[in-house]
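# Analysis of the macromolecular model
What follows is the residue order along each chain.
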Amino acid sequence: MTTAPGPVGNNAPRQCPAWASFAVEEAATRLHADPESGLGSAEARSRLRSSGPNRLPEAEPPGLAMQLLRQFKDVTVLALLAAAIVAALMASFEDATTDPLMRYRDSIAIAVIVVLNALIGLLQERKAERSLNALRKLAPQTARVVRDGQETTIVAERLVPGDTVALRQGDRVPADLRLSLAFDLEVAEATLTGESLPVKKDSVQALTPEPPLAERRNMAFTGTHVTRGHGRGLVVATGERTELGAIAGMLQTVKSPDTPLQRRLRRFGVAVVVGCVALGIVVFAVLWWQGLATPRFVVLTAVSLAVAVIPEGLPAITTIVLALGVQRMARKKALIRRLAAVETLGTAQIICTDKTGTITQNRMQVRKLWVADKVLDVGSDGTTLRLTDAGGNVVPPDAQLKRLLSACVHAPALEDPTDRALRDLYGSAKKAMDLGRHEPAAHVLPFDPNRRLATVLVRDGDSWLSYTHGAPEAVLACVHGDPEQAGAETVERALAAVDELTTLGLRVLALAGRRLPADVRVDQRPEDLAGRVEHELTLFGLVGLADPPRPEARAALERARRAGLRTIVITGDHPRTAQAIAQELGLLADGGEVVAGSELEGILHASAGGRAARVAVVARATAADKLALVSALTEQGNVVAMTGDGVNDAPAIKAASIGVAMGREATDVTREAADMVIQDGDYSTIVAAIEEGRVIYGNIKRFIVFLFAANAGLVVAVFASALLGWPPLLTPTQILWINLITNGLPALALGMEPVHGDPMQSGPRRPDEPLLLPRELAAIAGYGLVMGLAGLWVFGRYFAGPSSLPLARTMAFTVLALAPLFHALSARSTTESLWSLGPLTNLRLVGAFGVALSLQGLAVYLTPAHRVFETVPLGPRELLTALSAAAAIFFVGEIFKKLRRFLAAARKTTSAFEQGGPA
């Protein structure tokens with residue numbers, strides 16, 4: 001027999017485990033642990049110091065040098081490097097007696113741009129990593145562990161060998177365990193063994209000799225998921241010493257894929273670089289044909305202009321905007337697990353949402369009882385229970401009522417809101433009337449979505465008493481030939497009562513039971529035991545429960561509807577219960593329909609008719625129904641967000657465009673499948689996250705349009721001056737300088753523009769929408785033309801011969817450097833004026849404006865800069881002229897926005913008259 005490893009450190013050499021071959025008692029002895037009372041807190045702390053945290057190995061982050069080198073992989077940066085090399089080669093042919101700084105100033109300027117861009121990217125990459133690591137820590141995996149004899153919840157990283165861990169349905173197993181208890185326990189191990197079906201677990205049997213991993217039925221392994229039942233186990237391995245840890249060590253070098261937005265930007269960047277090269281060739285040809293400059297100057301001008309058009313700051317600024325958006329979402333209780341979700345959120349068209357806990361409070365309360373053919377209202381003053389009939393008269397408790405109320409205590413799942421409501425009702429009733437004592441549960445058949453029942457067995461002398469509750473249809477199907485209740489007639493009356501209660505919007509459960517002989521064996525297979533006890537039941541009565549909507553739910557649903565988002569509520573409730581809730585929330589106002597899960601397939605795949613587009617609520621939905629709905633909607637080209645918190649939600653969440661795990665109570669398997677986690681489980685938080693996604697995408701497009709408009713101004717000015725036969729409007733160094741001060745801080749500030757207006761007033765953008773729309777391309781061309789003409793105007797005004805060239809060139813240089821800064825003030829919105837937005841509401845942009853203005857001042861007025869930039873100081877009159885020409889773009893933008901507002905108002909007025917005129 002292989003010697004079992006003790007609780008050694010995670011860095012110790014991994015040994016072949018033999019825990020499956022030990023009985024529970026022997027495993028506990030070797031671990032110096034007690035499966036019942038667990039470890040003491042002091043002992044657990046001591047073991048944690050020696051074993052290390054229960055954490056899978058992670059790849060070492062790249063060093064600073066490697067991160068810096070990665071910044072040079074982008075196609076736009078590579079284009080800049082090529083331009084620097086060309087500039088250096090051209091300089092090498094110049095007179096060797098020339099000052100080297102002056103000879104290589106253009107290549108140095110390009111290199112400075114490349115280095116600055118790399119440093120910005122490096123700083124942001126490290127900041128983004130820190131931000132994402134911090135976000136991961138906000139939602140760590142937890143484990144229920146027995147410490148000092150009490151079950152408590154701790155961060156899974158603090159588990160140590162010898163701990164006793166409790167498992168329940170939906171949990172992710174937090175460490176390798178030798179099971180000590182297993183009640184109907186099944187674990188999905190496909191991630192570890194490839195076994196497609198969940199594995200039935202058995203805690204009793206010791207397996208000798210120890211079998212292969214997939215056959216260790218008395219073990220549970222890290223990273224697998226509990227799909228059914230509950231149990232306990234002793235921790236035998238943590239961290240990298242687990243079976244999954246061995247695999248994780250091989251995966252450390254796997255790289256996360258780029259987001260769709262990054263891929264789209266990369267393709268866009270390639271297209272821009274190709275266009276810039278073509279532009280440089282054209283400019284070179286025109287300048288060469290004009291013959292007004294040296295070959296070196298012509299080549300460098302063409303190269304510099306092509307470089308200026310390349311938005312080299314685009315990758316870094318995009319990353320910054322995305323990371324800051326993720327942080328803002330985290331403050332709104334929405335944790336983004338995959339950055340792709342940020343972009344996808346802006347295109348969301350349909351939200352498939354769970355009802356319970358998301359749009360309702362998940363605080364079930366019993367509001368009605370049906371017993372002995374009477375419907376009773378359940379009220380409470382907070383201390384005692386009060387039962388009244390339809391006339392408001394207090395109903396004294398009789399034997400049948402007491403039997404129904406007593407049965408409520410045998411709702412086994414304490415964490416389930418419905419079972420908790422039944423137990424709360426029993427607690428209130430016990431204070432108000434004599435219900436006698438009750439025996440604790442001796443065996444539980446937990447709720448099964450297939451049976452739709454849960455049963456508790458209680459010892460009563462030599463026999464058993466069974467208490468069953470669940471969906472009325474399922475319970476009533478088990479009621480047969482009861483002589484006290486006239487069997488079929490009781491079922492018929494009960495079904496009528498179910499219809500009555502569900503019409504009121506209540507979730508209805510039926511409670512029943514029977515006496516069983518003493519020879520019933522509870523250690524048989526659960527399905528066999530259920531077949532033995534869940535038939536020929538006596539019906540005790542019905543309970544109607546309500547889970548009221550969250551106060552903010554209706555407003556959030558209406559906000560989503562106005563934003564073009566369709567909401568489909570998915571619930572396991574009876575169709576009439578679901579319909580009542582939907583009506584209360586306004587989901588059926590526009591002809592929405594409630595359909596049962598069993599009808600869904602025929603509706604979704606119908607060849608004719610638009611009923612599928614009217615589905616607002618899916619009732620009695622199973623995991624398969626949820627998956628079918630999400631799959632059908634996505635196949636039709638919709639961008640679907642699917643929310644949920646249970647194991648049965650996980651397949652649909654994974655299949656959705658955006659998977660959303662709801663609340664801190666979401667099971668581990670659901671969190672793993674999701675793209676984002678809503679911490680408070682509130683539907684309104686989903687809507688807020690979608691709004692933030694739209695804001696982020698809008699800001700990205702805002703600074704992209706600004707960048708290309710500014711660069712277009714340079715192209716217009718330089719190219720037009722060449723066609724006019726003028727001397728070169730700008731030097732290569734001036735072109736690169738303008739590119740540096742306008743493509744940096746101002747663009748970043750626009751990417752961080754605060755929210756103004758309501759991003760949810762319009763519908764979602766199309767998933768196939770191009771990065772730049774025709775109207776945005778027109779804006780780039782129009783604003784670029786205005787800025788270019790402003791530069792041409794001041795150059796033409798001040799150029800009167802070779803002696804005036806330095807002044808004219810300095811004027812054009814100043815205008816083309818400052819015009820984009822004034823344009824940035826206007827570019828904050830495509831419709832609202834700067835004054836309505838508030839000039840100081842984006843202080844980052846104000847700061848960027850001041851920094852860029854100061855840098856341009858240094859280039860014009862600092863004496864050492866005159867040789868580098870070939871500038872001359874401007875007098876007060878020239879400076880005022882340059883500022884006025886540069887500021888013209890701001891007023892053009894404001895006038896254009898005023899015209900857009902006027903036309904929008906005119907269209908609105910025309911539309912109102914066409915629809916019947918004003919009231």
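None of the values given here were measured: they were computed from a predicted structure. (Residues numbered from 1 in each chain as written. Predicted model: local features only at pLDDT ≥ 70, side-chain atom pairs only at ≥ 80, totals over all residues. Heavy atoms only, no water.)

## Brief notes about the overall build of the protein
A count of helices and strands for the protein gives 32 helices and 23 strands. Split into buried and exposed, the 919 residues of the protein put 52% on the buried side. Considering only residue pairs separated by 6 or more positions, the protein has 72% of its internal contacts joining residues 24 or more positions apart. In the structure as shown, the protein presents an accessible area of about 40,700 Å², 59% of it carried by carbon and sulfur atoms. (Helix = DSSP H or I, 4+ residues; strand = E, 2+ residues; numbered from the N terminus. Buried < 20%, exposed > 50% of the residue type's maximum accessible area, 1.4 Å probe, protein only. Contact = heavy atoms within 4.5 Å. Areas by Shrake-Rupley, 256 points an atom, 1.4 Å probe, with all protein chains shown as cover.)

## Some details on the packing of aromatic side chains
Within the structure shown, the criterion is met by 10 aromatic pairs. Relative to Phe 869, the ring of Phe 813 has its centre 6.1 Å away and its plane inclined at 20°; by these criteria the two rings are stacked. Here Phe 813, found in helix H28 (residues 805-826), pairs with Phe 869, found in helix H31 (residues 863-869); they are 56 residues apart in sequence, far enough to count as distant. Judged by its relative accessible area of 0%, Phe 813 falls in the buried class. Using a relative accessible area of 10% as the deciding quantity, one classes Phe 869 as buried. The rings of Trp 726, Phe 795 and Phe 799 are connected pair by pair, giving a single aromatic cluster. Positioned over the ring face of Tyr 697 is Arg 765, at 3.4 Å from the centre of the ring. (Phe/Tyr/Trp six-rings, centres within 6.5 Å; stacked < 30°, edge-to-face > 60°. Lys NZ or Arg CZ within 6 Å of the ring centre and 35° of its normal.)

## Notes on the nonpolar core
The biggest cluster of nonpolar side chains holds 122 residues, and the ones touching the most others in it are Met 676, Tyr 683, Phe 703, Ile 704 and Leu 730. Per element, the largest residue contribution to this core is 21 residues, and it comes from helix H24 (residues 683-723). Setting aside residues up to four positions removed in sequence, Phe 703 forms contacts with Leu 314, Ile 317, Thr 318, Val 321, Ala 747, Leu 750 and Gly 751. Of all hydrophobic cores here, the second largest spans 32 residues; its members include Leu 404, Leu 425, Tyr 426 and Met 433. (Core = buried A, V, L, I, M, F, W, Y, C linked by side-chain atoms within 4.5 Å.)

## Re the confidence of the model for the protein
Of all residues in the protein, 83% have pLDDT values of 70 or greater, and the mean over the chain is 81. Mean pLDDT values over the elements of the protein span from 64, in helix H6 (residues 105-138), up to 95, in H28. Low pLDDT, under 50, characterises residues 253-257; the predicted model gives this stretch 1 contact beyond four residues in sequence or across chains. (pLDDT = per-residue confidence, 0-100.)

## Remarks on the sheet that holds strand E19 (residues 593-596)
Hydrogen bonding along the main chain pairs the strands of a sheet, whether they run parallel or antiparallel. Overall, mixed pairing links the 8 strands, which are arranged E8-E23-E22-E21-E9-E18-E20-E19 in an open sheet. Each edge of the open sheet carries a strand with a single partner, namely strand E8 (334-336) and E19. Pairwise comparison of adjacent strand axes, ignoring direction, gives a mean angle of 20° for this sheet. Pairing analysis gives 3 bridges linking strand E22 (residues 658-662) to strand E23 (residues 676-678), with the strands arranged parallel. (Pairing = 2+ DSSP bridges. Axes fitted to C-alpha atoms, helices over the stretch in contact; angles between N-to-C directions.)

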